[in-house]
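In case you want the letters, here they are:
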Amino acid sequence: MRTFGRTLTVSGSLAAALAVAGLAATPATAATTLGSGHVDVLDAEWDGADLHLHVHDEVNDVEYEPADVTLSVPAAAKVTNPGYGFLGSGSQVWLLPEDEALANSRGVLFPGISTEHLATGVFSGNAVTYSLVSATRNGATTEDFSIYAGSGSRWFDSNTSITTYKSKSFGVATHNHANWAFEEAGTYQLTFKVQGTVSGATESVTEVYTVVVSS
């Protein structure tokens, strides 16, 4: 787990500027695809004025802007549907597991939700809220995405017929893992927001994540 050392998030012209300046940083590019290893997909940070969401590759200690990354879910992620009602009636689902050893054995992502770089004493209640704003698959609204922990404890669900399981609060300075489930193959666009209160003012940031689930 990381402490206070941070790898800069860079892309485009900023990466070039940093290279000229001689700063050590690993640039993110739009061509970056992450398909295995420990990756904090939702990684919140506070720079003293604004919240930010990054994708953090824990293995290589590199941060990316969400728009610069495609998350790949291969056919190897397919498992027998565990039978939770919110996972639909299909016989299989694509699962990025909450267990790191299992994820590594299957060669798939071990996705995290992180607030570990948000210091205590900044956000009201020492907590922030992550929200699933919307989810599409192949350009259409989808009900085929969910995040759950343990034996079917839902955190997020893209089912549009319900208003629950859209938001979840997390304490600051924590690192969290759960199962990311996709019921169908396709290209998903997942819009997430993180929000908190600082000195009585609401602070938030929204980002879109691209996930390609292969059949």
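Before reading on, note that the structure itself is shown above.
Residues numbered from 1 in each chain as written. Predicted model: local features only at pLDDT ≥ 70, side-chain atom pairs only at ≥ 80, totals over all residues. Heavy atoms only, no water.

K.L.:
Report on the overall build of the protein chain, specifying residues and quantitative values.
P.N.:
Summing up its helical and strand segments, the protein chain has two helices and 17 strands in all. Taking all 215 residues of the protein chain together, 47% fall into the buried category. (Helix = DSSP H or I, 4+ residues; strand = E, 2+ residues; numbered from the N terminus. Buried < 20%, exposed > 50% of the residue type's maximum accessible area, 1.4 Å probe, protein only.)

K.L.:
Account for the pairing of strand β16 (residues 186-198), with residues named and values stated.
P.N.:
Along any regular strand the residues' side chains alternate between the sheet's two faces. Of the strand pairs in this sheet, strand β9 (residues 127-137) and β16 are connected by eight bridges, and their pairing is antiparallel. Note that in β16 the partner of Ser-131 across the bridge is Lys-193. Strand direction decides the pairing type here: β16 and strand β17 (residues 201-213), joined by 13 bridges, are antiparallel. In the strand pairing of β17, Gly-196 is matched with Glu-203. In sequence, β16 turns back onto β17 through a hairpin of two residues, with Ser-199 there showing a positive phi of about 50°. (Pairing = 2+ DSSP bridges.)

K.L.:
I'd like a description of the pattern of salt bridges, backed by residues and values.
P.N.:
In the structure shown here, the tally under the stated rule is two salt bridges. Arg-137 is the salt-bridge partner of Asp-144, the closest N and O atoms lying 3.2 Å from each other. Its relative accessible area of 14% is what places Asp-144 among the buried residues. Under the relative-accessibility criterion, Arg-137 is labelled partly exposed at 24%. The partner of Arg-154 in a salt bridge is Asp-157, with the nearest N and O atoms 2.8 Å apart. Since its relative accessible area comes to 24%, Arg-154 is described here as partly exposed. (Salt bridge = Lys/Arg side-chain N within 4 Å of Asp/Glu carboxyl O.)

K.L.:
I'd like a rundown of the sheet that holds strand β4 (residues 62-64), residues and numbers included.
P.N.:
As summarised here, the arrangement of the five strands in space is β4-β3-β2-β8-β14, forming an open sheet in which the pairing is mixed. The open sheet is flanked by β4 and β14 (175-177), the only strands paired with a single partner. Averaged over all pairs of adjacent strands, the angle between their axes in this sheet comes to 30°, without regard to strand direction. Relative to β14, strand β8 (residues 109-117) runs antiparallel, the two being bridged by three bridges. By the bridge assignment for β14, Gly-112 is matched with His-177. (Axes fitted to C-alpha atoms, helices over the stretch in contact; angles between N-to-C directions.)

K.L.:
Give me the lowdown on the environment of Thr-32, citing residues and values where you can.
P.N.:
As for its placement among the helices and strands, Thr-32 is situated in strand β1 (residues 32-34). The buried category is assigned to Thr-32, whose relative accessible area is 13%. For the pair Thr-32 and Ala-67, spaced 35 residues apart in the sequence, the C-alpha separation amounts to 9.9 Å. In this view, Thr-32 contacts Tyr-64, Asp-68, Val-69 and Thr-70; residues no more than four positions away in its chain are not counted. (Contact = heavy atoms within 4.5 Å.)

K.L.:
Break down the packing of aromatic side chains for me, citing the residues and quoting the values.
P.N.:
The final tally for this structure, using the stated rule, is 13 aromatic pairs. Relative to Phe-86, the ring of Tyr-84 has its centre 5.9 Å away and its plane inclined at 15°; by these criteria the two rings are stacked. With relative accessibility at 14%, the residue Phe-86 sits in the buried group. For the ring pair Phe-145 and Phe-182, a centre distance of 5.2 Å and an interplane angle of 40° mean the geometry is tilted. Of this pair, Phe-145 sits in strand β11 (residues 145-149) while Phe-182 sits in strand β15 (residues 179-182); the two residues are 37 residues apart in sequence, bridging distant segments of the chain. (Phe/Tyr/Trp six-rings, centres within 6.5 Å; stacked < 30°, edge-to-face > 60°.)

K.L.:
Tell me about the sheet that holds β11, residues and numbers included.
P.N.:
Here we have five strands laid out as an open sheet, ordered β6-β7-β15-β11-β12, and antiparallel in their pairing. Sheet topology places β6 (78-80) and β12 (153-157) at the edges, where each strand pairs with a single neighbour. Here the average twist between neighbouring strands, direction ignored, is 35°. Looking at chain direction, β11 and β12 are connected through four bridges and run antiparallel. Looking at the pairing, Ala-149 lines up with Ser-153 of β12.

So far we have only geometry, and geometry alone does not tell us how the molecule works.
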